[in-house]
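Residues per chain are reported as follows:
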Amino acid sequence: MRAKNIDILKAVCAFLIVCIHIPFPGGVGEYFTSIARIAVPIFFMITGYFYSDVTKKNGEIQQIKKILKLVIEANLLYFLWSLFIAITNKNMGTFFNVFTVNGLINFFAFNESPFGYHLWYLGAILYVLLIILFSRQNELS
């Protein structure tokens, strides 16, 4: 069953996130961008609200696989886009600097995608789901 009020809240939050990434000009724009930042924590709360349904159905592993697939697909898409831009600008040296030990540590340990800074959200959800899964398994043991 759909929660229409949650759908409306998600639509408002999606608009606010667009406003964060494409801010209004001037002082009013800065003020509005500051207020719009409430959207990301709201999305986390909505995710947590619906996660209880996942745990009731023992679907944690399935949910983690789904988010992991999204993380991989999104990073691959932005990798290809970054590669296209690097080839177009004839700037391949900068592109391959991403594949260093520090770059890989930042990606896996600190959730910093070198191809799309905004992809942190998917990784953050994945990490939270993994932490919850491991903590629940420890409780059951």
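Note that the structure is predicted; figures quoted are calculated from it, not measured.

About the cut-offs
- Residues numbered from 1 in each chain as written.
- Predicted model: local features only at pLDDT ≥ 70, side-chain atom pairs only at ≥ 80, totals over all residues.
- Heavy atoms only, no water.
- Helix = DSSP H or I, 4+ residues; strand = E, 2+ residues; numbered from the N terminus.
- Rg over C-alpha atoms; globule rule 2.2 N^0.38 Å.
- Buried < 20%, exposed > 50% of the residue type's maximum accessible area, 1.4 Å probe, protein only.
- Contact = heavy atoms within 4.5 Å.
- Areas by Shrake-Rupley, 256 points an atom, 1.4 Å probe, with all protein chains shown as cover.
- Lys, Arg positive; Asp, Glu negative; His and termini not counted.
- Charge placed at Lys NZ, Arg CZ, Asp CG, Glu CD.
- Core = buried A, V, L, I, M, F, W, Y, C linked by side-chain atoms within 4.5 Å.
- Phe/Tyr/Trp six-rings, centres within 6.5 Å; stacked < 30°, edge-to-face > 60°.
- Patch = residues over 30% accessible without salt bridge, like charges linked within 9 Å, V, L, I, M, F, W, Y side chains within 5 Å.
- Salt bridge = Lys/Arg side-chain N within 4 Å of Asp/Glu carboxyl O.

S.K.: Give me the lowdown on the overall build of the protein, citing residues and values where you can.
M.R.: On a plain count of helices and strands, the protein comes out with seven helices and zero strands. Put simply, the protein runs from its N terminus to its C terminus through helices and strands in the order α-α-α-α-α-α-α. The globule rule puts the C-alpha radius of gyration for 141 residues at 14 Å, and the 18 Å found for the protein is more than 25% above it. Each of the three principal axes of the protein carries a C-alpha extent, and together these read 55 × 45 × 25 Å. The burial tally for the protein puts 29% of its 141 residues in the buried class. A separation of at least 24 residues holds for 57% of the contacts in the protein among residues at least 6 apart in sequence. Roughly 10300 Å² of accessible area belongs to the protein as shown, and the carbon and sulfur atoms make up 69% of that amount. On the protein, the mean spot of the 11 positive side-chain charges and the mean spot of the 7 negative ones are 8 Å from each other.

S.K.: Give me the nonpolar core: which residues, what numbers.
M.R.: Nonpolar side chains in soluble globular proteins tend to end up buried together. In terms of nonpolar packing, the biggest core is built from 23 residues, with I67 and L129 touching the most fellow members. Among the elements of the structure, α1 (4–21), α3 (39–56), α4 (60–88) and α7 (120–140) are those that each provide at least two residues to this core. When residues in this core are grouped by element, the largest group, seven residues, is from α3. Apart from the residues within four sequence positions on either side, I67 is in contact with L122, I125, L126 and L129.

S.K.: Summarise the environment of A86; cite the residues concerned and give the values.
M.R.: Relative to the helices and strands, A86 resides in helix α4. Under the relative-accessibility criterion, A86 is labelled buried at 7%. Spatially, the C-alpha atom of A86 lies 43 Å from that of S52, the residues being 34 residues apart in sequence.

S.K.: Account for the packing of aromatic side chains, naming residues and giving values.
M.R.: Applying the stated criterion across every chain, the model contains nine aromatic pairs. Between F43 and Y121, the ring centres sit 6.4 Å apart and the planes meet at 70°, which makes this aromatic pair edge-to-face. With F43 in helix α3 and Y121 in helix α7, this pair connects stretches of sequence that are 78 residues apart. The exposure classification of F43 matches that of Y121, with both residues buried. Joined through ring pairs, the aromatic side chains of F43, F44, W120 and Y121 make up one cluster.

S.K.: Tell me what's going on with a nonpolar patch on the surface, and back it up with residues and numbers.
M.R.: On the surface, a cluster of nonpolar side chains totalling about 320 Å² of accessible area is made up of W81, F84 and I85. Locating I85 in the fold gives a position in helix α4.

S.K.: Which residues make up the environment of Y117, and what values do they have?
M.R.: Turning to its location among the elements, Y117 is positioned in the loop between α6 (101–108) and α7. A relative accessible area of 63% means that Y117 is categorised as exposed. Separated by 26 residues in the primary sequence, Y117 and N91 place their C-alpha atoms 20 Å from one another.

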